[in-house]
Amino acid sequence: MRWASLVLLSIVIAGLVGGFAQFFVGWRLVLGISPIQVHVGAAVILIPLLAWHVLRHRRQRLRRTDLSRRMLLRGAALAGAVGAGFVVLDIASRWTGGRGRIATSTGSRPVDADAIPATIWLLDRVPELAAAYPVEVAGRTFSARDLAEQAEPVAARLDCTSGWFADATWSGRRLTDLISPEALAGAASLVVTSATGYQRAFPAADAATLWLVVACQGRPLSAVNGAPVRLVAPGRRGFWWVKWVARVELSDAPGWRQLPFPVQ
Ligand SMILES: Nc1nc2c(c(=O)[nH]1)N[C@H]1C(S)=C(S)[C@@H](COP(=O)(O)O)O[C@H]1N2
Ligand SMILES: [Mo]
């Protein structure tokens with residue numbers, strides 16, 4: 001079935017294009033769709049199609065020649081080509097986006113702290129929030145301006161699983177300065193919820209390491225980077241750094257009772 005192969009191939013290509021677009025161009029909506037959505041969407045569609053493909057061809061037996069020296073050499077050549085492709089992309093990425101070499105054990109490349117890329121998870125979107133948008137923290141309400149009044153600087157590395165990191169100085173307040181010690185002592189976890197519904201839970205004991213920030217590198221947050229108030233969680237990967245924070249709630253549920261990654 002030739003047409004089925006062509007469909008399969010075009011989905012693979014769409015997935016690759018989506019991945020490259022996210023890496024080189026960054027997040028933006030085209031016809032209401034982001035590059036990550038194309039990238040992950042293609043992968044999700046491919047799973048059943050590939051399963052079907054394998055099932056249809058399962059009656060083909062391995063032949064002796066499949067393991068021949070020639071096949072091994074071909075395999076090695078393919079691996080070499082992939083490696084060479086990686087090097088080419090590495091160089092190209094520094095030309096186009098100015099991203100440097102992989103510099104962390106997490107496999108991330110440095111990006112400029114003054115131009116942090118926007119990373120928006122699969123089904124999330126950038127909400128339009130007023131500068132005075134109220135953030136509820138364990139029953140009290142703060143605006144970005146309230147938080148800015150006694151803000152302190154916090155230097156932290158934002159390291160996204162999509163392969164980049166930025167060392168920036170943010171400014172905001174520690175959660176332990178906004179929530180009373182008694183209230184914290186009585187809770188098992190802290191649940192941070194975005195205006196979009198995106199949510200992460202943290203052990204209550206980590207409150208001193210979590211910050212609600214209003215500025216980055218001395219400038220108010222931009223809309224795509226979480227304005228007016230976002231979480232900064234030094235030492236944790238980027239997906240914990242909830243943007244557009246609406247609420248921080250204390251909870252009795254243990255902080256680990258959640259999906260390892262946000263699915264929103
Ligand atoms: N509400 C919300 N917060 C979010 C995300 C998101 O999609 N929605 N993405 C997370 C991910 S995966 C990362 S790496 C950081 C990226 O922050 P940035 O867009 O400012 O670079 O935000 C995190 N916070
Ligand atoms: Mo991320």
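The preceding data block contains the structure.
No experiment lies behind these values; they were computed from the predicted model shown.

Asks: I'd like to hear about a nonpolar patch on the surface, residue by residue, with values.
Replies: Taken together, the side chains of V12, L16, F20, F24, V25 and L89 define a hydrophobic patch exposed on the protein surface, amounting to about 470 Å² of accessible area. No other element matches the four residues that helix α1 (residues 2–24) contributes to the nonpolar patch. Tracing the backbone through its elements, the reader meets V25 in the loop between α1 and α2 (35–56).

Asks: Explain the nonpolar core to me, and be specific about the residues and the numbers.
Replies: W170, L175, L190, L212, V245 and V248 are the most contacted members of the largest nonpolar core, which totals 46 residues. Element by element, the count of residues in this core is highest for strand β8 (residues 211–216), at six residues.

Asks: Can you explain α1? Please cite residues and give values.
Replies: Counted at 1.5 Å a residue, the expected span for α1 with its 23 residues is 33 Å, and the 33 Å between its end C-alpha atoms agrees. Within α1, the full set of buried residues consists of A4, L8, I11, G15, G18, Q22 and F23. One or two positions beyond α1, positive phi appears at G26, with a value near 95 degrees.

Asks: Describe in detail the environment of A204, supporting the description with residues and values.
Replies: Tracing the backbone through its elements, the reader meets A204 in the loop between β7 (199–203) and β8. When its relative accessible area of 8% is taken as the criterion, A204 is described as buried. Along the primary structure A204 and S222 are separated by 18 residues, whereas in three dimensions their C-alpha atoms are 28 Å apart. Setting aside residues no more than four positions away along its own chain, A204 makes contact with L184, A187, A188, S189 and L190.

Asks: Help me get a handle on the packing of aromatic side chains, residues and values and all.
Replies: Taken as a whole and assessed by the stated rule, the structure comprises three aromatic pairs. Consider the rings of W170 and W241, whose centres lie 5.7 Å apart with planes at 65 degrees: the pair is edge-to-face. Here the residue W170 occupies a position in strand β5 (residues 164–174), and W241 occupies one in the loop between β10 (230–232) and β11 (245–251), the gap between them amounting to 71 residues. Each member of the pair, W170 together with W241, is buried. Ring-pair connections join several aromatic residues into one group, and the members of that group are F202, F239 and W240.

Parameters and conventions
- Residues numbered from 1 in each chain as written.
- Chains lettered and ligands numbered in written order.
- Predicted model: local features only at pLDDT ≥ 70, side-chain atom pairs only at ≥ 80, totals over all residues.
- Heavy atoms only, no water.
- Patch = residues over 30% accessible without salt bridge, like charges linked within 9 Å, V, L, I, M, F, W, Y side chains within 5 Å.
- Areas by Shrake-Rupley, 256 points an atom, 1.4 Å probe, with all protein chains shown as cover.
- Salt bridge = Lys/Arg side-chain N within 4 Å of Asp/Glu carboxyl O.
- Helix = DSSP H or I, 4+ residues; strand = E, 2+ residues; numbered from the N terminus.
- Core = buried A, V, L, I, M, F, W, Y, C linked by side-chain atoms within 4.5 Å.
- Buried < 20%, exposed > 50% of the residue type's maximum accessible area, 1.4 Å probe, protein only.
- Expected span 1.5 Å × (residues − 1).
- Contact = heavy atoms within 4.5 Å.
- Phe/Tyr/Trp six-rings, centres within 6.5 Å; stacked < 30°, edge-to-face > 60°.

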